[in-house]
Amino acid sequence: MTKNEKIKPLSISQIIISIDRLTRFKPTKEKYLRVFKDLLSSNLIEPKFKKSEIENIDFSKLVEYINKIFDISFKTLNINIKPDYAVNKKLLDYEKSIFKLDKETLLLLDNKINYNAATKLLEKEKDIPQNLMWLNALCQNKDIEKECSKKGFTFPLKKIILAEGITEEILLPEFAKNYNFDFAKNGILLISSGGKNQVVKYFYKFADILKLPIFVLLDNDAKENYKEILPKLRNNDKIHILKCGEFEDTLSKFLIKRTLNKHFKNFFSVTINDLTTEYPMTKTLDNLLKSHGKEFKKAEFAHLVKENIKKTDITPELEELISEILL
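1. Overview of the packing of helix α10 (residues 166–176) against helix α17 (residues 316–326)
Argument step 1. The interhelical angle for the contact between α10 and α17, taken along N-to-C directions, is 80°, at an axis separation of 10 Å. What the angle tells us is that α10 and α17 run roughly perpendicular. Contacts between α10 and α17 involve Leu172, Phe175 and Ala176 on the former and, on the latter, Leu318, Leu321, Ile322 and Ile325.
Argument step 2. Within the contact of α10 with α17, the residues separate by chemical class into seven nonpolar, no polar and no charged.

Now the structure itself:
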């Protein structure tokens, strides 16, 4: 560091948050620039850059400052762990394996952050996210495939599933376990997009920059969205449109009955006839619960269902869907 430079050391929480954000599944340039520019803005005291200057700073210079910020921070915290830049190379190679990267992005990845020192701070943390479990394994030179298979931390990613809602995110991996297939242990990340239009936006974004195969799951009413996706569908991508409405409509009525009767046993009970109506299952459940003074919430309901799944609860459509995902 030169005489004209003054750096505010990162706190332990800042370091952990930063490495967490850098190793999540996000477009590489987007996440690195955001993290690096945030650190430059908050921790580089001198020289002080204006916001417009930070936005236009040369990437090589940006990385140089970030290296200094991390180095000084570790020294201030008395973490004297020798850096192993093989970890940085592994992270670079991983990002290259899943994303299409330009030269500027490669500059961001060619940093000297001491990840070994950073992961030392995780020892006192509880319930660390999957991406940091993966980073920790990288720093310890463990066999990543074996660690992932044992601990199920999803990384390295091998496939992305884009679904419309939270119900799919909660329940689809659970149903797959009935086929002895664990999404996390096999590098499958399921993203709840927040609606059929958002699925299209995600797909368009990822199809341009992602090397991994994308499996798109749409509700039955999303045929127009299906047509929007088709022109950008790559050879290794797939689309599945549900035949019977929404994901909740694919669930076994016996499973739903069992779930409701167990959870609400002190208030009311339901029969299969109560669940057999002219309406979609979400509307049926909404009406049913309202009639008993309760509220239907998709995420809450999905978690209840998850606790009650048996092997016999796989419906033909769920079986077909999971078989397609496993191909």
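And the narrative resumes.
2. Remarks on the state of the cysteines
Argument step 1. A complete count under the given rule lists zero disulfides for this structure.
Argument step 2. Looking at Cys139, it has no disulfide partner, and the nearest cysteine sulfur is the one in Cys148, 16 Å off.
Argument step 3. Of the residues examined, Cys139 reaches a relative accessible area of 9% and is grouped as buried.
Argument step 4. The buried category is assigned to Cys148, whose relative accessible area is 3%.

3. A closer look at the packing of aromatic side chains
Think of a pair of aromatic rings as described by two things: how far the centres are apart, and how the planes are tilted against each other in angle.
Argument step 1. Tallied over the entire structure, the rule returns 12 aromatic pairs.
Argument step 2. Among the aromatic residues, those joined into a ring-pair cluster are Phe25, Phe99, Tyr202 and Phe206.
Argument step 3. The ring of Tyr85 carries the charged tip of Lys112 above its face, separated from the ring centre by 4.6 Å.
Argument step 4. For Lys232, the ring lying beneath its charged end belongs to Tyr204, and the centroid distance is 5.4 Å.

4. Digging into unusual backbone geometry
Argument step 1. The linkage connecting Glu46 with the following residue, Pro47, adopts the cis geometry, with an omega of -5°.
Argument step 2. Within the element layout of this structure, Pro47 appears in the loop between β2 (44–46) and α3 (51–55).
Argument step 3. Even without a glycine there, the phi angle at Asp127 is positive, about 55°.
Argument step 4. With respect to the helices, strands and loops of the structure, Asp127 is situated in the loop between α7 (115–120) and α8 (130–139).
Argument step 5. Positive phi values are uncommon outside glycine, yet Thr154 reaches one of about 70°.
Argument step 6. As for its placement among the helices and strands, Thr154 is situated in the loop between α9 (144–151) and β3 (159–163).

5. Details of the pairing of β3
Argument step 1. Buried residues dominate β3, accounting for five of its five residues.
Argument step 2. Where burial is concerned, the two faces of β3 agree: the one with Lys159, Ile161 and Ala163 and the one with Ile160 and Leu162 are both buried.
Argument step 3. Where β3 lies against strand β4 (residues 188–192), five bridges are found, and the strand directions are parallel. The partner of Ile160 across the bridge, within β4, is Leu189.
Argument step 4. Once the chain exits β3 it traverses α10 before rejoining the sheet at β4, and the crossover so formed is right-handed.

6. Quick word on the confidence of the model for the protein
Argument step 1. Averaged over the protein, the pLDDT score is 95; the fraction of residues at 70 or greater is 99%.
Argument step 2. Taking the mean pLDDT of every element in the protein, the minimum, 86, falls on α9 and the maximum, 98, on strand β5 (residues 214–218).

Here is what the cut-offs are and how they apply
Throughout, a residue's number is its position along its own chain's written sequence, starting from 1. At least 70 in pLDDT is required for a residue's local features to be given in this predicted model, at least 80 for side-chain atom pairs to be given and counted, and no such filter applies to totals for whole chains, interfaces and linings, which use all residues. Side-chain calculation: all heavy atoms of the structure are included, whereas hydrogens and water are not. Here an angle of 0 to 180 degrees is reported between the N-to-C directions of two axes, which are lines fitted to C-alpha atoms, with helices fitted over the stretch in contact. A run of H or I in DSSP counts as a helix once it spans at least four residues, and a run of E counts as a strand once it spans at least two, with each numbered from the N terminus. Working rule for angles: under 35 degrees goes down as roughly parallel, over 145 as roughly antiparallel, 65 to 115 as roughly perpendicular, anything else as oblique. Throughout, a residue-residue contact means that at least one pair of heavy atoms, one from each residue, lies within 4.5 Å. In this count, Pro and Cys sit with the nonpolar residues alongside Ala, Val, Leu, Ile, Met, Phe, Trp and Tyr, while Asp, Glu, Lys and Arg are called charged and the others, Gly among them, polar. Defined by distance alone, a disulfide is two cysteine sulfur atoms within 2.5 Å. Buried residues are those whose accessible area, probed at 1.4 Å on protein chains only, stays under 20% of the maximum for their type, while exposed residues exceed 50% and partly exposed ones sit between those limits. Between rings of Phe, Tyr and Trp, where Trp is taken as its six-membered ring, a pair exists when centres lie within 6.5 Å; planes separated by under 30 degrees are stacked, by over 60 edge-to-face, and by other angles tilted. A positively charged side chain is recorded as over a ring if its NZ (Lys) or CZ (Arg) lies within 6 Å of the ring centre. The angle to the ring normal must also be within 35 degrees. The rule for pairing is simple: two strands pair if DSSP sees at least two bridges between them. With the strands pointing away from the viewer, any crossover whose connection runs clockwise from the first strand over the helix to the second is right-handed. A score between 0 and 100, pLDDT records how confident the predictor is in each residue.

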